Protein chains: 2
Amino acid sequence: MSGPIAVDAMGGDHAPDEIVAGARRAVDELGVDVVLVGRGADIGDTLGLELVEASEVISMSEDGAKSVRTKKDSSLVRGSELVRDGGASAFVSAGNTGATVAAALLRMGRIKGVARPGVATAIPVPGAGPTVLLDSGAMADCQPSWLMQYAQMGSAFAKIRFGVDRPRVGLLSIGEESSKGNQLTKDTHALLKELDGINFIGNVEGREMMSGDVDVVVTDGFTGNVVLKTLEGSLRTIVNAVFGALSGPDAGAAAGEALGLLAPLAVEFDPDTYGGALLLGVNGVSIIGHGSSSATAIVNAVGVARDMVDADVVGSLAAAVRV
Amino acid sequence: MSGPIAVDAMGGDHAPDEIVAGARRAVDELGVDVVLVGRGADIGDTLGLELVEASEVISMSEDGAKSVRTKKDSSLVRGSELVRDGGASAFVSAGNTGATVAAALLRMGRIKGVARPGVATAIPVPGAGPTVLLDSGAMADCQPSWLMQYAQMGSAFAKIRFGVDRPRVGLLSIGEESSKGNQLTKDTHALLKELDGINFIGNVEGREMMSGDVDVVVTDGFTGNVVLKTLEGSLRTIVNAVFGALSGPDAGAAAGEALGLLAPLAVEFDPDTYGGALLLGVNGVSIIGHGSSSATAIVNAVGVARDMVDADVVGSLAAAVRV
């Protein structure tokens with residue numbers, strides 16, 4: 001690896017303390033070189049880590065593109081510049097997703113030939129490898145040719161990140177037949193059917209997101225983000241309902257034992273397990289952590305960033321779209 | 001009620017036997033008059049119910065609009081004609097959703113002033129009333145003005161069907177701010193903000209689908225159908241995982257007791273509970289059952305059909321869009 005991993009100390013619901021703690025643990029546990037980016041006055045104790053000062057902060061609710069244009073000394077912009085200029089080998093942020101995408105796009109730039117970047121998120125599947133969903137939020141309005149490149153990049157990413165030999169790529173639609181869907185999916189289906197270099201298995205439906213029957217699910221960033229948050233919400237609702245039933249007034253000692261049996265499931269479904277999403281298509285490694293990232297999530301994200309740099313993910317993605 | 005409820009004997013994964021059994025039970029348990037529509041030779045014993053013969057069958061995988069144009073003597077087309085001609089007061093089918101929508105649209109016609117119909121599906125929310133999601137699959141490509149009418153019709157439907165006094169209507173998007181979303185949601189948000197007669201609470205995200213914080217979620221039929229199937233898939237995955245953990249080799253007597261505590265949850269999350277979706281905007285009551293509908297689901301659907309006819313849902317929807 002050519003430089004430290006830059007970590008956005010200001011990004012996420014638990015910034016800066018939880019983020020700084022995670023960055024410190026990443027150094028200690030993974031032996032990775034880490035540099036913080038953020039406002040020193042807010043951070044306070046950097047726990048011995050180097051700090052690159054950035055005087056501005058982009059909040060979670062700000063408009064992504066606009067905030068990046070106006071806040072040039074924000075941690076998101078400075079972190080992306082570090083990667084561009086070689087001061088860091090990758091950038092990890094649990095901050096505003098739209099602003100992270102915009103900063104990476106404007107400062108790192110796109111991989112040559114890539115029309116638009118896409119966020120690739122790993123959805124946990126119990127008893128199987130995860131399903132990669134992209135775009136899960138970079139581009140709300142998409143063109144068929146962008147989705148075609150998401151299929152190429154997603155396939156390359158699933159190979160590198162999860163070691164899937166010949167990733168099964170599905171197009172998210174509302175019926176298995178190529179005639180089912182909206183205009184975007186119909187046009188995209190026609191492109192993917194003729195595309196060499198990927199293992200396109202056709203349309204897939206929402207119920208296959210956690211089935212293990214598909215490795216990469218391609219969709220536009222609006223639909224992908226809605227799906228991601230729908231999954232999050234339903235998981236939380238059901239987990240709460242199950243734990244509620246097992247700790248209510250009718251529950252006895254048996255319930256406590258049952259909760260012990262269910263504990264491993266909670267780990268399997270935990271979004272922190274996979275250490276954040278990767279922004280595919282920009283000219284650098286940009287990891288987007290969940291807004292609620294814990295210190296452990298940051299450790300995992302730094303580990304993934306290191307792995308992706310070592311595996312030259314950017315080079316592989318460039319090759320995938322050059323086919 | 002002015003006539004019997006027509007039930008499509010040929011529609012659904014368990015047709016005709018399970019459907020006919022459900023129709024029979026509806027007569028016995030609810031005291032509702034029911035007539036079957038379908039191919040007598042396939043049905044065999046009608047369990048004493050009247051049969052309206054329809055010689056053709058539209059399968060679950062056929063293209064909706066095309067199959068309705070070519071199979072004029074199918075149960076889906078004949079059932080819709082019965083409602084149009086006054087031979088039935090409502091039509092219930094667990095068959096091909098696209099074809100059911102097309103048949104209702106072509107035969108019953110639209111309510112005056114309605115641009116496009118939408119499917120309203122009730123999503124179960126533990127410990128609260130359901131969330132109505134529409135459109136959940138009628139129109140894959142939508143215009144902002146159609147979504148505006150979905151908001152009006154969905155609000156009226158939530159009042160009639162679930163007794164919600166002042167339904168909270170949310171627009172499904174990828175951020176709470178009006179600036180977040182794709183072009184369709186941005187344009188729709190602007191229309192809904194200015195609309196009188198509904199309680200528009202702004203954008204909602206996928207994670208709010210099962211939160212109980214919103215009564216009616218408005219979206220295009222592509223996104224809605226993806227969300228619906230994503231919820232179905234994630235519920236099934238988690239329920240399987242929980243039951244798997246509680247019946248594995250490590251599970252003892254405690255697990256059996258825990259499963260007993262969890263049983264009521266299974267009922268709460270069962271899609272059959274709400275007796276199918278209603279197609280809003282056509283000039284008649286058309287109930288769309290889940291493809292996997294059991295006899296019990298058909299009983300519930302017939303009950304909902306009867307209630308919707310008695311409550312003059314078509315008149316209320318017509319009034320809602322006339323505002």
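Residues numbered from 1 in each chain as written. Chains lettered and ligands numbered in written order. Predicted model: local features only at pLDDT ≥ 70, side-chain atom pairs only at ≥ 80, totals over all residues. Heavy atoms only, no water.

Moving on, we come to the nonpolar core. The biggest cluster of nonpolar side chains holds 82 residues, and the ones touching the most others in it are Val7, Val218, Val285 and Val302 of chain B. Counting residues per element, this core draws most heavily on helix 6 (residues 144–162) of chain B, which supplies nine residues. By size, the runner-up hydrophobic cluster in this structure holds 81 residues, among which are Val83, Ala103, Cys142 and Ala158 of chain A. (Core = buried A, V, L, I, M, F, W, Y, C linked by side-chain atoms within 4.5 Å. Buried < 20%, exposed > 50% of the residue type's maximum accessible area, 1.4 Å probe, protein only. Helix = DSSP H or I, 4+ residues; strand = E, 2+ residues; numbered from the N terminus.)

Okay, the domain arrangement of chain A next. Residues and elements named next belong to chain A. Split by domain assignment, chain A resolves into domain 1 (1–109 + 281–311) and domain 2 (115–276). Computed from C-alpha atoms alone, the centre-to-centre distance between domain 1 and domain 2 is 25 Å. Taken together, the contact between domain 1 and domain 2 spans 15 residues of the former and 14 residues of the latter. Together, the buried faces of domain 1 and domain 2 total about 1,200 Å²; carbon and sulfur atoms form 71% of this surface. At the junction of domain 1 with domain 2, the criterion picks out one residue pair in polar contact (both at pLDDT 80 or more). Sorting the residues of the side of domain 1 that touches domain 2 by element identifies helix 5 (97–108), strand 11 (285–288) and helix 10 (295–310) as the ones contributing at least two each. It is helix 10 that contributes the most residues to the side of domain 1 that touches domain 2, five residues altogether. (Domains from an automatic or database assignment. Contact = heavy atoms within 4.5 Å. Buried area = accessible area lost by both parts, 1.4 Å probe. Polar contact = N/O pair within 3.5 Å; in protein donor to acceptor, adjacent residues only side chain to side chain.)

Residues and elements named next belong to chain A. According to the stated counting rule, one finds two aromatic pairs over all chains in the structure shown. Relative to Phe162, the ring of Phe157 lies with its centre 6.3 Å away and its plane at 80 degrees, an arrangement referred to as edge-to-face. Relative accessible area serves as the criterion here: at 4%, Phe157 is assigned to the buried category. (Phe/Tyr/Trp six-rings, centres within 6.5 Å; stacked < 30°, edge-to-face > 60°.)

Residue and element names in this part refer to chain B. The eleven strands are arranged 3-2-1-4-11-10-5-6-9-7-8 in an open sheet whose pairing can be described as mixed. The two strands at the open ends of the sheet, each matched to only one other strand, are strand 3 (50–53) and strand 8 (199–204). Within this sheet the neighbouring strands show an average axis-to-axis angle of 25 degrees, counted without direction. Where strand 6 (residues 131–134) meets strand 9 (residues 216–218), three bridges bridge the pair, whose relative direction is parallel. Looking at the pairing, Leu133 lines up with Val217 of strand 9. Helix 10 (residues 295–310) rests against strand 1 (5–8), strand 2 (34–38), strand 4 (90–93), strand 10 (277–280) and strand 11 (285–288) of the sheet, and its axis sits at about 155 degrees to strand 11. (Pairing = 2+ DSSP bridges. Axes fitted to C-alpha atoms, helices over the stretch in contact; angles between N-to-C directions.)

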